[in-house]
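Residue strings, one per chain:
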There are 2 protein chains.
Amino acid sequence: MKLISRINVGLKNNFHVAQSMKVLVTGGAGFIGSHLVDLLVERGDEVTIFDNMSSGRAEFFAHHGENIQFVEGDLLDLAAVKAAMPGTDLVFHLAANPDIRLGTRVTDTDLKQGTIATYNVLESMRCADVKNIAFASSSVVYGEASEMPTPETYGPLFPISLYGASKLGSEALITSWVGTFGLKAWLFRFANIVGARGTHGVIFDFIHKLKADPTRLEVLGNGRQEKSYMEVIDCARAMVHLTESTNDQVNCFNLGTHDTCSVRRIAEIVVEETGFENVSIEYTGGDRGWAGDVPKTMLDPSALFDQGFTPNYDSEGAIRHTASTLIQEIGLP
Amino acid sequence: MKLISRINVGLKNNFHVAQSMKVLVTGGAGFIGSHLVDLLVERGDEVTIFDNMSSGRAEFFAHHGENIQFVEGDLLDLAAVKAAMPGTDLVFHLAANPDIRLGTRVTDTDLKQGTIATYNVLESMRCADVKNIAFASSSVVYGEASEMPTPETYGPLFPISLYGASKLGSEALITSWVGTFGLKAWLFRFANIVGARGTHGVIFDFIHKLKADPTRLEVLGNGRQEKSYMEVIDCARAMVHLTESTNDQVNCFNLGTHDTCSVRRIAEIVVEETGFENVSIEYTGGDRGWAGDVPKTMLDPSALFDQGFTPNYDSEGAIRHTASTLIQEIGLP
């Protein structure tokens, strides 16, 4: 990563660094987005965060001070998105509903915060003649794939969660904008991303459950669900790496590790990292945690690795590192 | 096809035919939908058409009299869709923006009339506990496929038109409803469908151009665009056949013929069928008719054929039959 020394100015359109890129990060105050912002600022980009703060947090980007722009806005407010867009070189579109399970209760959550939000981003890009977008998609677009490890060319794509439908719907909107209006796009299909600043997900849930009751841990499903995990800074590094090293009209990559970790193993690791003893791990049963949960995902990350990228953590390493980090962030009695 | 003699009543929920299926056809007043309605009525189903009459026509279903129910409503009116749903056994969801090119001018057309409309159908089904949906998808979900003939398992799916994005977005919503709420679904990826009652498309356009000026025919692109065509009654027959003969949770089929026809050949056939002589066929040039047009599609229909279905027309036969039929419908000087 090149480091460019920068003059802190804090005034929009008044940066003095030659050839720095102007980047807009939707969801930039959130879990993954804030780590990406850290890397982009380090690279010397002019970074604007666009976030509705529904799950983003000011402390995730406060350390950048006036080095970045922050726009508090909602992607469903098309005028606000349009206002933030002019002059942007590259949009990292990461904002979305982070809670997959919510889709089963309020069924238009992902349609709005996923698909329609992506439409608003693309339409704003078209109006402002912004040509590059990198999108946080997900391995859930593969649904219950019959081929594992699953490569990017896998089909058919039958997502089984409403969240997955919004990710595939967003991908499709993006490739249609490429084909119709000449955009360039990066589609990143994330494994389960874990790490510091996590605000949801299985490790986060387990720690909170153990904080409430250190004697037992209830696990949704039979614990045999098995997925690919990637550490969040590895994920952010991979996004930056791929937008620098690939340049097709559509660049689609799985972002993950070569292995998987079971929920049962995650429960054991989290318990180990808490230091609690004699914890009773109890399974609710069934092959999946909730309706729309994919019991097993194993991504083929070889296209990413072929671009010269190596993650610092494998799945189990990412889990253990995350458990240790989140226990510090959340705090235990 | 079984024929069941029916008593004409015309009162909702007051049909006296044993074991007839209650079917809702969105877009049932349109080009493809009205042919499907003909077959469903012939089979003895209780048919309700739900159509906003934006491109549907009363004369396409008037011959059924009080044998069918007609609801004039818009799929973007969720309350209206919900009101039409109770008691339905199977939804044929065919309504959509029929004009692919419109998407490049009014960019939320397909998002609304495709993706969001499909969401409203699915949500209404969930609320009324309706469990079966058959959806008119399209070969455009394949984008510019590298594999031809293209099978249903092809990936990655990168549609290049906004219409294609709405079809893939709708498919994804449907499979997510299957995975989350236990629906059963048929996804029909249509070739270019042509035939009687056509209200748009290349043959329709050519005839209208020749009606206006019988001396010349302007063709968008270089005429080398080459696609699979299917005659509309073949298409409707295939939908009925597959919903009767397949029964997986997701049943995805290409609906097309084994061959293709070029736009150049279509122009020649249409001119032949008009009987006009010395027509100058002029090409605007370029490898596609408009931004988002896929220059070549060739579907693999073998999964359909393996289910025991045979179309009456191949691509060129469908074109010639359609040209002859539409010339009669449109009328020439």
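Residues numbered from 1 in each chain as written. Chains lettered and ligands numbered in written order. Predicted model: local features only at pLDDT ≥ 70, side-chain atom pairs only at ≥ 80, totals over all residues.

Chemist: Got a sec to walk through the overall build of chain A? Specific residues and values, please.
Modeler: Helix and strand counts for chain A stand at nine helices and 13 strands. Referenced to the eigenvectors of the C-alpha coordinate spread, the extents of chain A come out at roughly 60 × 45 × 40 Å. Burial analysis of chain A (333 residues in total) assigns 52% to the buried set. If you take every contact in chain A between residues at least 6 apart in sequence, the share linking residues at least 24 apart comes to 80%. (Helix = DSSP H or I, 4+ residues; strand = E, 2+ residues; numbered from the N terminus. Buried ≥ 20, exposed ≤ 12 C-beta atoms within 10 Å, placed from the backbone. Contact = placed C-beta atoms within 7 Å.)

Chemist: Help me get a handle on the packing of helix 3 (residues 109-128) of chain B against helix 4 (residues 162-181) of chain B, residues and values and all.
Modeler: All names here are of chain B. The geometry of helix 3 relative to helix 4 is characterised by a closest axis approach of 8 Å and an angle of 15 degrees between their N-to-C directions. Between helix 3 and helix 4, the crossing angle belongs to the class labelled roughly parallel. Where helix 3 crosses over helix 4, the handedness of that crossing is right-handed. Note on element contacts: helix 4 touches helix 3 through L162, Y163, A165, S166, K167, G169, S170, L173, I174, W177 and F181, opposite D110, L111, G114, T115, T118, Y119, L122 and R126. Grouping the constituent residues of the contact of helix 3 with helix 4 by class yields ten nonpolar, six polar and three charged. (Axes fitted to C-alpha atoms, helices over the stretch in contact; angles between N-to-C directions. Parallel < 35°, antiparallel > 145°, perpendicular 65-115°, else oblique. Left-handed = near helix turned anticlockwise from the far one by under 90°. Nonpolar A, V, L, I, M, F, W, Y, C, P; charged D, E, K, R; others polar.)

Chemist: Break down the domain arrangement of chain A for me, with residues and values.
Modeler: Residues and elements named next belong to chain A. Domain annotation for chain A reports domain 1 (22-194 + 230-255) and domain 2 (202-227 + 259-297 + 313-330). Put simply, the middle of domain 1 and the middle of domain 2, counted by C-alpha atoms, are 26 Å apart. Between domain 1 and domain 2, the contact holds 17 residues from the first and twelve residues from the second. Across the side of domain 1 that touches domain 2, the residue classes break down as seven nonpolar, six polar and four charged. (Domains from an automatic or database assignment.)

Chemist: So, the relation of the copies chain A and chain B: which residues are in play, and what are the values?
Modeler: When chain A is fitted to chain B, the best match, at an RMSD of 0.0 Å, comes from turning it 180 degrees and sliding it 0.0 Å along the axis. The operation mapping one copy onto its partner corresponds to a two-fold rotation axis. The share of interface residues of chain A whose copies in chain B are also at the interface is 100%, consistent with both copies meeting through the same surface. (Least-squares fit on C-alpha atoms with pLDDT ≥ 70 in both.)

Chemist: Just give me the short version of the pairing of strand 4 (residues 90-93) of chain B, but keep the residues and values in it.
Modeler: All names here are of chain B. In this sheet, strand 4 lies alongside strand 1 (residues 22-26) in parallel orientation, the contact comprising four bridges. What sits directly across from V25, in strand 4, is F92. Here three bridges tie strand 4 to strand 5 (residues 132-138), and the two strands are oriented parallel to one another. Its bridge partner lying in strand 5, H93 is registered against F135. Regarding the hand of the β-α-β motif, the stretch spanning strand 4, helix 3 and strand 5 is right-handed. (Pairing = 2+ DSSP bridges. Right-handed = clockwise from strand over helix to strand, strands pointing away.)

Chemist: Explain helix 1 (residues 31-43) of chain B to me, using residue names and the numbers behind them.
Modeler: Residues and elements named next belong to chain B. For helix 1, spanning 13 residues, the distance from its first C-alpha to its last is 19 Å, which sits close to the expected 18 Å at 1.5 Å a residue. Looking only at helix 1, the buried set comprises F31, I32, G33, S34, H35, L36, V37 and L40. The elements touched by buried residues of helix 1 are strand 1, strand 2 (46-51), strand 4, strand 5, strand 7 (192-194) and helix 6 (232-245). Of the residues flanking the end of helix 1, it is G44, one or two places downstream, whose phi is positive at about 100 degrees. (Expected span 1.5 Å × (residues − 1).)

Chemist: Explain the sheet that holds strand 3 (residues 69-72) of chain A to me, using residue names and the numbers behind them.
Modeler: Residues and elements named next belong to chain A. One open sheet accounts for seven strands, arranged 3-2-1-4-5-6-11; its pairing is parallel. Lying at the two open borders of the sheet, with one neighbouring strand each, are strand 3 and strand 11 (250-255). Averaged over all pairs of adjacent strands, the angle between strand axes in this sheet comes to 15 degrees, irrespective of strand direction. Those strands touched by helix 4 (residues 162-181) are strand 5 (132-138), strand 6 (184-190) and strand 11, and its axis lies near 155 degrees from that of strand 5.

Chemist: Explain the interface of chain A and chain B to me, using residue names and the numbers behind them.
Modeler: Taken together, the contact between chain A and chain B spans 34 residues of the former and 34 residues of the latter. Every element with two or more residues in the side of chain A that touches chain B is listed here: helix 3 (109-128), helix 4 and strand 11 of chain A. In terms of residue count, the dominant contributor to the side of chain A that touches chain B is helix 4 of chain A (eleven residues).

Chemist: Could you give an account of the nonpolar core, with specific residues and numbers?
Modeler: A general feature of soluble globular proteins is that nonpolar side chains tend to end up buried together. By size, the foremost hydrophobic cluster in this structure holds 198 residues, and its most contacted members are V25, F188, I203 and C235 of chain A together with F188, I203 and C235 of chain B. Discounting residues that sit within four places of it in the chain, F188 of chain A has contacts with A134, F135, A136, S137, M239, F253 and L255 of chain A. (Core = buried A, V, L, I, M, F, W, Y, C linked by C-beta atoms within 7 Å.)

Chemist: Provide a residue-level description of the environment of F181 of chain A, including the pertinent values.
Modeler: Note that F181 of chain A resides in helix 4. Sequence-wise, F181 of chain A and L220 of chain A are 39 residues apart; in three dimensions their C-alpha atoms are separated by 44 Å.

Chemist: Give me the lowdown on helix 9 (residues 315-330) of chain B, citing residues and values where you can.
Modeler: Residue pairs three or four apart in sequence face the same way in an α-helix, which turns once every 3.6 residues. Residues and elements named next belong to chain B. Helix length check: helix 9, at 16 residues, gives a terminal C-alpha distance of 22 Å against a target of 22 Å (1.5 Å per residue), a fit within 8%. Buried residues in helix 9 make contact with strand 7, helix 5 (202-212), strand 10 (229-231), strand 12 (261-262) and helix 7 (263-274). A positive phi of about 85 degrees marks G331, the residue just after helix 9.

Chemist: Any chance you could break down the sheet that holds strand 3 (residues 69-72) of chain B for me, citing the residues and the numbers?
Modeler: Sheet strands pair by backbone hydrogen bonding; their relative direction is either parallel or antiparallel. Residues and elements named next belong to chain B. One open sheet accounts for seven strands, arranged 3-2-1-4-5-6-11; its pairing is parallel. Whereas interior strands pair on both sides, the edge strands pair on one side only; in this sheet they are strand 3 and strand 11 (250-255). The average undirected angle you get between the axes of adjacent strands in this sheet is 15 degrees. Here helix 4 sits on the sheet in contact with strand 5, strand 6 (184-190) and strand 11, set at roughly 155 degrees to strand 5.

Chemist: Break down the pairing of strand 5 of chain B for me, citing the residues and quoting the values.
Modeler: All names here are of chain B. Among the seven residues in strand 5, six count as buried, and that is most of the element. The pairing of strand 5 with strand 6 spans seven bridges and is parallel. Residue pairing across strands places N132 opposite K184, the latter belonging to strand 6. In terms of handedness, the path from strand 5 via helix 4 over to strand 6 forms a crossover that is right-handed.

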